[in-house]
Amino acid sequence: MTVSATLAASETIAARRAAGEEVLALAFGEAGIPVHPLLGQRLARAAGQTSYGPVAGIRPAREAAAGYWTRRGLTTGSEQVLLGPGSKPLLFAVLHAVGGEAIVPSPAWVSYAAQAELMGRTPIRVPVPAGEGGVPEAEALDAAVRGARAEGREPRIVVATLPDNPTGRIASEGSVKALCEAARELDLVIVADEIYRDLVFEDGPFPSPAAWAPERTVTTTALSKNYALGGWRIGAARFPGSPLGESLRETVRGTASEVWSSTPMPMQHAAAYAWSDPVELVDRLVSSRRLHGAVTRGAAEVFAEAGCEVDPPQGGFYVWPDFEPLRGRLEERWSVRTGAELARVLLDEFGVGVLPGSAFGAEESSLRLRVAVPGVYGSSDSERLAALVSTDPLEMPWIADALGALGSKLAALTATR
Ligand SMILES: Cc1ncc(COP(=O)(O)O)c(C=O)c1O
């Protein structure tokens, strides 16, 4: 097992910066927003909470998470909730508890396939519907699962990410419903990773798989993206209120007890506050959506102007441009034939750090890149806060400069000699 592509890229970029190189860091999936002072206060106030606490999490935090989901249309009791140190270990424990093989969308966030491989299983990749992201296309899923079963394999769980990393897209209601029907027909558990749920740019109904397949969907969330607290390590899983859900939660609780014991107590107290959606924090979500929405769309335009194909981002903080229309030029000028070579040229020749689509399951030859935009929000907390409260973040001089510089670098990259 090698270090996760996103974490490895961020370490490479940090090392180059430490060596005095200027790098536009667009590789790492961090939300790039300073901690809300009220969350900092809650955390500090709970610093004396030094006991391990219950494996599943303290009741006030589980109740708050249940309220968070209930207010978002998924009625939840605290007994359905289990907390963990981030949603990543929870996702691992759920994949482990269900057993068998996992079906992972193609493309998908780096860690689902890596976690399946850690368990000695080869993930089954199923393409997403054209122009969408985050869910396997239902007919292709059906064919892949039946094919795998005919070969004696045991697919048992399918992953969905709403909204999606890396594509920045949110699957349509039709695609989610079709996924739920296929999962029921094929008797698959669904794990719905909704870590970016609060960061959808446009209002409208949110297509949670748990709404259409409540008996078989485990939903996960965390404070890493909506409140930019990735380093605090706290997440939650919501298990179905069904016999299957109860038994899965109990197995995950067993894994938790042997692997991480419990979730850090001070974090649980801060999370109990955040998941209760107090107005003063919800305001922060509104400005975060505005910032991520404006900058992802601005960056998508920069890539489109350079000649890439790129779908408009709908949530999260990623852009997923395809350099395919520029393949001829890139090959002639830079001998670029793969996404990894393209990412390498961008870093070595232009000081732009991004990830190749292949890290997310795209073909090696694909010229897709995953671009994380928070790297341009500012170089200090005061710049990042100013960007956050601005009604027009693209007007912030450092953001305008960074996107301008990105445009010039892309023009130089794609220029004919
Ligand atoms: C889709 C997705 N799921 C889960 C995670 C991990 O989140 P956590 O910080 O809760 O472990 C990330 C982080 O990059 C992510 O992009």
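Treat the numbers as computed from the prediction; the structure is a model and nothing was measured. (Residues numbered from 1 in each chain as written. Predicted model: local features only at pLDDT ≥ 70, side-chain atom pairs only at ≥ 80, totals over all residues. Heavy atoms only, no water.)

(A) Quick look at the pattern of salt bridges. All told, the structure shown has 21 salt bridges when counted by the stated rule. Here Glu63 and Arg59 are joined by a salt bridge, their closest N and O atoms 3.3 Å apart. Here Glu63 pairs with Arg59, and both are found in helix H3 (residues 59–71), just four residues apart, close to one helical turn. One salt-bridge network, in which partners are shared between bridges, spans Arg16, Glu21, Arg344 and Asp348. (Salt bridge = Lys/Arg side-chain N within 4 Å of Asp/Glu carboxyl O. Helix = DSSP H or I, 4+ residues; strand = E, 2+ residues; numbered from the N terminus.)

(B) Seen up close, the environment of Glu137. Note that Glu137 resides in the loop between strand E4 (124–127) and helix H6 (138–150). When the C-alpha atoms of Glu137 and Pro105 are compared, they prove to be 8.2 Å apart, with 32 residues separating the residues in sequence. Here Glu137 is in contact with Val126, Pro127, Val128 and Pro129, once residues within four sequence places are set aside. A polar atom in the side chain of Glu137 sits 3.4 Å from the backbone nitrogen of Glu139. (Contact = heavy atoms within 4.5 Å. Polar contact = N/O pair within 3.5 Å; in protein donor to acceptor, adjacent residues only side chain to side chain.)

(C) Fine view of the packing of aromatic side chains. What the rule picks out here adds up to eight aromatic pairs. Ring plane angle 80° and centroid distance 6.1 Å describe the contact between Phe303 and Phe323, whose orientation is recorded as edge-to-face. Taken together, the positions of Phe303 in helix H11 (residues 279–305) and Phe323 in the loop between strand E9 (318–319) and helix H12 (327–334) put the pair 20 residues apart, joining distant regions of the chain. Using a relative accessible area of 0% as the deciding quantity, one classes Phe323 as buried. Aromatic side chains Trp334 and Phe350 sit 5.5 Å apart centroid to centroid with 75° between the ring planes, which places their arrangement in the edge-to-face category. (Phe/Tyr/Trp six-rings, centres within 6.5 Å; stacked < 30°, edge-to-face > 60°. Buried < 20%, exposed > 50% of the residue type's maximum accessible area, 1.4 Å probe, protein only.)

(D) Representation of the sheet that holds E9. Strand order in this open sheet of three strands is E9-E12-E11, and the pairing throughout is antiparallel. Two strands bound the open sheet, and with one partner strand each, they are E9 and strand E11 (355–356). Bridge count between E11 and strand E12 (residues 369–372): two bridges; the pairing is antiparallel. Pairing of Pro356 across the sheet is with Leu369, part of E12. The strands touched by helix H13 (residues 339–350) are E11 and E12; relative to E12, the strand with the most contacts, the crossing angle is about 45°. (Pairing = 2+ DSSP bridges. Axes fitted to C-alpha atoms, helices over the stretch in contact; angles between N-to-C directions.)

(E) Region of interest: the packing of H6 against helix H7 (residues 173–186). Between H6 and H7, whose axes approach to 9 Å, the crossing angle comes to 20°. By the angle between their axes, H6 is roughly parallel relative to H7. Read as a crossing pair, H6 and H7 show a hand that is right-handed. Contacts from Ala138, Leu141, Asp142, Val145, Arg146 and Arg149 of H6 reach H7 at Ala178, Leu179, Ala182, Glu185 and Leu186. Looking at side-chain class alone, the contact of H6 with H7 contains seven nonpolar, no polar and four charged residues. (Parallel < 35°, antiparallel > 145°, perpendicular 65-115°, else oblique. Left-handed = near helix turned anticlockwise from the far one by under 90°. Nonpolar A, V, L, I, M, F, W, Y, C, P; charged D, E, K, R; others polar.)

(F) Region of interest: the domain arrangement of the protein chain. Per the domain assignment, the segments making up the protein chain are domain 1 (5–30 + 280–414) and domain 2 (39–277). Each of domain 1 and domain 2 has a C-alpha centre, and the two are 26 Å apart. At the interface, 29 residues of domain 1 touch 30 residues of domain 2. Surface buried jointly by domain 1 and domain 2 totals about 2,500 Å² across both partners, of which 59% is contributed by carbon and sulfur atoms. Our count for the domain 1 to domain 2 interface comes out at one salt bridge. Salt-bridge contacts for Glu202 lead to Arg297; the nearest nitrogen and oxygen are separated by 3.5 Å. Linking domain 1 to domain 2 there are 14 residue pairs in polar contact (both at pLDDT 80 or more). Of all the secondary structure elements, the ones that give two or more residues to the side of domain 1 that touches domain 2 are helix H1 (5–18), H11 and E9. The element contributing the most residues to the side of domain 1 that touches domain 2 is H11, with eleven residues. Split into classes, the residues belonging to the side of domain 1 that touches domain 2 amount to 13 nonpolar, ten polar and six charged. (Domains from an automatic or database assignment. Buried area = accessible area lost by both parts, 1.4 Å probe.)

(G) Representation of the nonpolar core. Formed by 47 residues in total, the largest nonpolar core has its most connected members in Phe323, Leu342, Leu346, Leu406, Leu410 and Leu413. Listed by contribution, the elements that provide at least two residues to this core are H11, E9, H13, E12, helix H14 (381–389) and helix H15 (397–414). Lining this core are residues from two domains, each supplying at least three of them: domain 1 (5–30 + 280–414) and domain 2 (39–277). Those residues within four positions of Leu406 in sequence are excluded, and the remaining contacts are Leu24, Leu26, Val302, Phe303 and Val352. (Core = buried A, V, L, I, M, F, W, Y, C linked by side-chain atoms within 4.5 Å.)

(H) How the structure looks around the site of the ligand. Taken together, 14 residues surround the ligand, and among them Ser87, Asp193, Tyr196, Ser224 and Arg233 come closest. The contact in question runs from an oxygen atom of the ligand to an N or O atom on the side chain of Asn165, over 2.8 Å. Taking Asp193, its side chain carries an N or O atom lying 2.6 Å from a nitrogen atom of the ligand. Of the residues assigned to the shell around the ligand, the class counts are five nonpolar, five polar and four charged. (Near = heavy atom within 4 Å.)

(I) Region of interest: the sheet that holds strand E8 (residues 235–238). On the basis of which strands lie adjacent, the open sheet formed by seven strands has the order E2-E8-E7-E6-E5-E3-E4 and mixed pairing. Looking along the sheet, the strands with just one partner apiece sit at the ends: strand E2 (81–84) and E4. Across this sheet, the average inter-strand angle for adjacent strands is 25°, counted without regard to direction. Bridge analysis of strand E7 (residues 217–222) against E8 gives four bridges, and the strand direction is antiparallel. Looking across to E8, one finds that Ala222 is bridged to Gly235. Set on the sheet, helix H9 (residues 243–259) makes contact with E2, strand E6 (189–193) and E7; between it and E2 the angle comes to about 25°.

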